[in-house]
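# Fold and geometry: a report
Spelled out, the chains give:
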Amino acid sequence: VSDGTHRIIVSIYCLSVYKWGGRSKDIPGLSTNTSLYNGYDNTESIIAAVTSSDGYFTASPYSAAAVAKNNPFPSGEIGFLGSSAEWGIVAKYAELVESLITAVNGDALTKTGSLIYWTSTGGSSNTVAYTYHMYRSSTDNSLQTGIGSSARSDSKHIRVFRNF
């Protein structure tokens, strides 16, 4: 997916639900700006800072970012947890992305009802992080997208991104 400047490859697989990790932990270098295309840098900052249980994400690798990085693409390329802005690019072209993903038997990008993905963008405090909503309206099947936020201790979906 590309907006002409930023180019992202989106995994065809949706990983299970995980907690974001690092609840109540300040993460040096983590951006809270939802308009930055910095998923890779955010992922690296999260992994460097969140190295143990926060009482919610109790097993290694301790963060959604590390789960994303530990699930390489079939090519062997390492991915990252996309930022809010990177998810915005995916949302802009969601109809096309969805058709390509389903054409190769990948996991649907959207569904009827709420499908919420973690982003790597930090939230307004060290207990929350931004999420991205992508779902089909149950009344008219229109695509609904947008940025939200959730407690880092909540469980949300992960889809791995990488730059190209």
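The structure we're discussing is the one just above.
Residues numbered from 1 in each chain as written. Predicted model: local features only at pLDDT ≥ 70, side-chain atom pairs only at ≥ 80, totals over all residues. Heavy atoms only, no water.

### Remarks on the overall build of the protein
Assigned secondary structure in the protein consists of four helices and six strands. Overall, the protein shows an N-to-C arrangement of helices and strands of β-α-α-β-α-α-β-β-β-β. For 164 residues, the compact-globule estimate of 2.2 N^0.38 gives 15 Å, and the protein sits close to it at 15 Å. Counting only C-alpha atoms, the protein reaches 40 × 35 × 30 Å along its principal axes. When the 164 residues of the protein are sorted by exposure, 45% land in the buried category. (Helix = DSSP H or I, 4+ residues; strand = E, 2+ residues; numbered from the N terminus. Rg over C-alpha atoms; globule rule 2.2 N^0.38 Å. Buried < 20%, exposed > 50% of the residue type's maximum accessible area, 1.4 Å probe, protein only.)

### A look at the pairing of strand E3 (residues 116-122)
In terms of residue burial, E3 counts as a mostly covered element, since seven of its seven residues are buried. Residues Ile116, Trp118, Ser120 and Gly122 point to one face of E3 and Tyr117, Thr119 and Thr121 to the other, with burial holding for every one of them. Across four bridges, E3 lies against strand E4 (residues 128-136) in antiparallel orientation. Counted as the bridge partner of Tyr117 is Tyr132 from E4. What sits between E3 and E4 in their antiparallel hairpin is a turn of five residues. (Pairing = 2+ DSSP bridges.)

### With respect to the environment of Gly122
Residue position: Gly122 is located in strand E3. On a C-alpha basis, the gap between Gly122 and Leu96 in space is 28 Å, while along the polypeptide they are 26 residues apart.

### Description of helix H1 (residues 39-49)
Structurally, the α-helix is built with 3.6 residues per turn, so residues lying three or four positions apart point the same way. Those residues of H1 not exposed but buried are Gly39, Asn42, Thr43, Ser45, Ile46 and Ala49. Angularly, the buried residues of H1 cover 165° about the axis, an arc narrow enough to put them on a single face. Residues of H1 that are exposed and angled more than 90 degrees away from the buried face: Asp41 and Ala48. Each element contacted by the buried residues of H1 is listed here: helix H2 (64-69), strand E2 (80-81), helix H3 (84-92) and E3. (Arc of directions from axis to C-beta. Contact = heavy atoms within 4.5 Å.)

### Focus on the side chain of Ser63
Tracing the sequence through the fold places Ser63 in the loop between H1 and H2. Here Ala66 takes part through its backbone nitrogen, which lies 3.0 Å from a polar atom of the side chain of Ser63. Sequence-distant contacts of Ser63, defined by excluding residues within four places in its chain, comprise Lys19, Trp20, Gly21, Ile46, Ile47, Val50 and Phe57. (Polar contact = N/O pair within 3.5 Å; in protein donor to acceptor, adjacent residues only side chain to side chain.)

### Quick notes on the environment of Ala65
Within the element layout of this structure, Ala65 appears in helix H2. With a relative accessible area of 0%, Ala65 lands in the buried category. Between the C-alpha atom of Ala65 and that of Ile47, which follows or precedes it by 18 residues, the distance is 6.5 Å. Ignoring any residue separated from it by four or fewer positions in sequence, one finds Ala65 in contact with Thr43, Ile46, Ile47 and Leu81.

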